[in-house]
Amino acid sequence: MKTVQFREALNEAMSEEMRRDDNVFLMGEEVAEYNGAYKVSKGMLEEFGEKRIIDTPIAELGFAGIGVGAAMNGLRPVVEFMTWNFALLASDQIINSAAKMLQMSGGQFNVPIVFRGGNGQAGQLGATHSQAFEAFYAHVPGLKVITPSTPADAKGLLKSAIRDEDPIVFLESEKMYGDKGEIPEGEYLTPIGVADIKRKGADVTIVSFGKIIKEVHKAADALKEDNIDCEIIDLRTIRPIDYATIVESIKKTNRCVVVEESWPLASISSELGYHIQRYAFDYLDAPIHRVTQADTPFAYSPTLIEEALPNADRIAKAVKASLYRN
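Computed from a prediction, not measured in an experiment: that's the story for all the values here. (Residues numbered from 1 in each chain as written. Predicted model: local features only at pLDDT ≥ 70, side-chain atom pairs only at ≥ 80, totals over all residues. Heavy atoms only, no water.)

1. Concerning the overall build of the protein
Selection criterion: Only DSSP runs of H or I with at least four residues qualify as helices, and only runs of E with at least two residues qualify as strands; both kinds are numbered from the N terminus onward. C-alpha atoms define the radius of gyration in this analysis, and the globule rule sets the expected value at 2.2 Å times the number of residues to the power 0.38. Contacts are assigned to residue pairs that have any heavy atoms within 4.5 Å of one another. Here the open area of atoms and residues is found with the Shrake-Rupley method and a 1.4 Å probe, where only the protein chains shown may cover a residue. Asp and Glu count as negative and Lys and Arg as positive, but His and the ends of the chain are not part of the count. One atom stands in for each charge, and that atom is NZ of Lys, CZ of Arg, CG of Asp or CD of Glu.
Scanning the protein from N- to C-terminus turns up 12 helices and 14 strands. In summary, the protein has a C-alpha radius of gyration of 20 Å against a globular reference of 20 Å for 326 residues, a match within 12%. With respect to the principal axes defined by its C-alpha atoms, the protein has extents near 60 × 45 × 40 Å. Of the contacts made within the protein by residues no fewer than 6 positions apart, 81% connect residues no fewer than 24 positions apart. When the accessible surface of the protein is summed, it comes to about 13800 Å², and 52% of that surface belongs to carbon and sulfur atoms. Charge centroids of the protein, computed over 35 positive and 47 negative side chains, lie 3 Å from each other.

2. Considerations on the sheet that holds strand S12 (residues 237–239)
Selection rule: A strand pair is defined by DSSP finding two or more bridges across the two strands. Helix axes are fitted only over the stretch in contact, all axes being lines through C-alpha atoms; the angle between N-to-C directions runs from 0 to 180 degrees.
Sheet architecture is open: 7 strands sit in the order S3-S2-S4-S5-S7-S6-S12, paired in mixed fashion. Each edge of the open sheet is held by one strand with a lone partner, namely strand S3 (53–55) and S12. Across the sheet, the mean angle separating the axes of adjacent strands is 20° when strand polarity is ignored. Both strand S2 (residues 24–28) and strand S4 (residues 76–81) contribute to a ladder of 5 bridges, which runs parallel. By the bridge assignment for S4, phenylalanine 25 is matched with proline 77. The strands touched by helix H3 (residues 60–72) are S2, S4 and strand S5 (114–118); relative to S4, the strand with the most contacts, the crossing angle is about 165°.

3. A word on the pattern of salt bridges
For the record, the criterion: By definition here, a salt bridge exists when the distance from a side-chain nitrogen of Lys or Arg to a carboxyl oxygen of Asp or Glu is within 4 Å.
Applying the stated criterion to the full structure yields 29 salt bridges. Arginine 163 is the salt-bridge partner of glutamate 17, the closest N and O atoms lying 2.9 Å from each other. Note that glutamate 17 is positioned in helix H1 (residues 6–20) and arginine 163 in helix H7 (residues 151–163), a separation of 146 residues in sequence. The partner of glutamate 172 in a salt bridge is arginine 116, with the nearest N and O atoms 2.6 Å apart. Here glutamate 172, found in strand S7 (residues 168–172), pairs with arginine 116, found in strand S5; they are 56 residues apart in sequence, far enough to count as distant.

4. Here we look at the sheet that holds strand S9 (residues 196–199)
Here 5 strands make up an open sheet; going across it, the order is S9-S11-S10-S13-S14 and the pairing mixed. Whereas interior strands pair on both sides, the edge strands pair on one side only; in this sheet they are S9 and strand S14 (289–291). If you compare each strand with its neighbour and ignore which way they point, the axes differ by 25° on average. With 3 bridges connecting them, strand S13 (residues 256–259) and S14 associate as parallel partners. Within S14, the position partnered with valine 259 by the bridge is valine 291. Most of the contacts of helix H8 (residues 213–224) go to strand S11 (residues 230–234), to which it runs at about 170°, and overall it touches S9, strand S10 (204–208), S11 and S13.

5. So, the packing of H1 against H7
Just so we agree on the cut-off: To sort the angles, those under 35 degrees are grouped as roughly parallel, those over 145 as roughly antiparallel, those from 65 to 115 as roughly perpendicular, and the leftovers as oblique. Handedness of a helix crossing follows the sense of rotation of the near helix relative to the far helix, less than a right angle counterclockwise being left-handed and clockwise being right-handed. Side-chain classes follow a simple rule in which Ala, Val, Leu, Ile, Met, Phe, Trp, Tyr, Cys and Pro form the nonpolar group, Asp, Glu, Lys and Arg form the charged group, and the remainder, Gly included, forms the polar group.
Two elements in contact, H1 and H7, have axes separated by 8 Å at closest approach and are oriented at 30°. The angle between H1 and H7 falls in the class roughly parallel. As H1 runs across H7, the sense of the crossing is right-handed. Only Pro151, Ala154, Lys155, Leu158, Lys159, Ile162 and Arg163 of H7 make contact with H1, whose side of the interface consists of Phe6, Ala9, Leu10, Glu12, Ala13, Met14, Glu16, Glu17 and Arg20. Its residues assigned to classes, the contact of H1 with H7 comprises 9 nonpolar, no polar and 7 charged.

6. What about unusual backbone geometry?
Our working rule: Burial status follows relative accessibility: with a 1.4 Å probe on protein chains alone, a residue under 20% of its type maximum counts as buried, one over 50% as exposed, and anything between as partly exposed.
Proline 240 follows arginine 239 through a cis peptide bond whose omega is 0°. With respect to the helices, strands and loops of the structure, proline 240 is situated in the loop between S12 and helix H9 (243–253). In the Ramachandran plot, glutamate 30 falls in the positive-phi region, its phi being about 70° despite a non-glycine side chain. With respect to the helices and strands, the residue glutamate 30 is situated in the loop between S2 and helix H2 (44–48). Its relative accessible area of 37% is what places glutamate 30 among the partly exposed residues.

7. What about H8?
What counts, and what does not: Helices are assigned an expected span. That span is 1.5 Å times one less than the residue count. Taking the helix axis as origin, the arc is that swept by the directions to the C-beta atoms.
In this model H8 runs 16 Å from its N-terminal to its C-terminal C-alpha over 12 residues, within 8% of the 16 Å that 1.5 Å per residue would give. For H8, the full list of buried residues reads Ile213, Glu215, Val216, Ala219, Ala220 and Leu223. Each buried residue of H8 sits inside an arc of 145° when the element is viewed along its axis, so together they form one side. On its buried face, H8 sits against S9, S10, S11, S13 and helix H12 (312–322).

In structure tokens form, the structure reads like this:
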């Protein structure tokens, strides 16, 4: 094992896949000369050259479309958005072209492309630069949606995504690029569609994903002092969701809290709530609780940011409520 930053894990994944397959290339704003807006592609231009590490204009719709066309013709593009908020401008290419091409072409064209970049709140960036898009893209058939929470998962899942035959939405976080964690030495892959039990427990199942899972761990540590033993499941893949791992955990703990960074309506927690009551109803000893972002556009004020986001205290209160404890 070795310790690397989240950004370094992503860099390793892309570099290893580019060495393995000449059809893989990276394109996006500032990925080449500037080494990436968050230095994820540091050193890649020097190794792979300007034909495979390509700086683009500030035109998300345009270069996303070029990526889709390249994928249809046998290449494997990795398209970096500086932030997924900017990718709204490219949603036509992602949702109407990449996601639907296999079905609309009668199976003649698949689109092996990875769209990746920073997602969710990243400080005082205001309402239009602080949105979490997991549920937005998971709603679309034809897309796979991935959001890793550790450097190890980031590398293993990105490598799997690059090799996948379907279009992938790969959601990172600007606030996680500097996070450090252990990853295995050498090449490894993490399977798409398989959740990970980050912490075993007996009293309640907490399901989460992405950077907000760090708050889940803080809550679980605090609850341990109250003799509450939390099991933490990291979805890792939002589409497809590994429902089986969640259901099996609830069969043991009989309680569930779902935590996500995004808004409550039509959310991933809403979907999980339906599925859990459908397939684990007889095992539940309490209603499913969830902790989400406040149902409002994001604020610039740090005080309002703190109030809006899920935090360890709110998560702990939800867990205690599921246990009927004050």
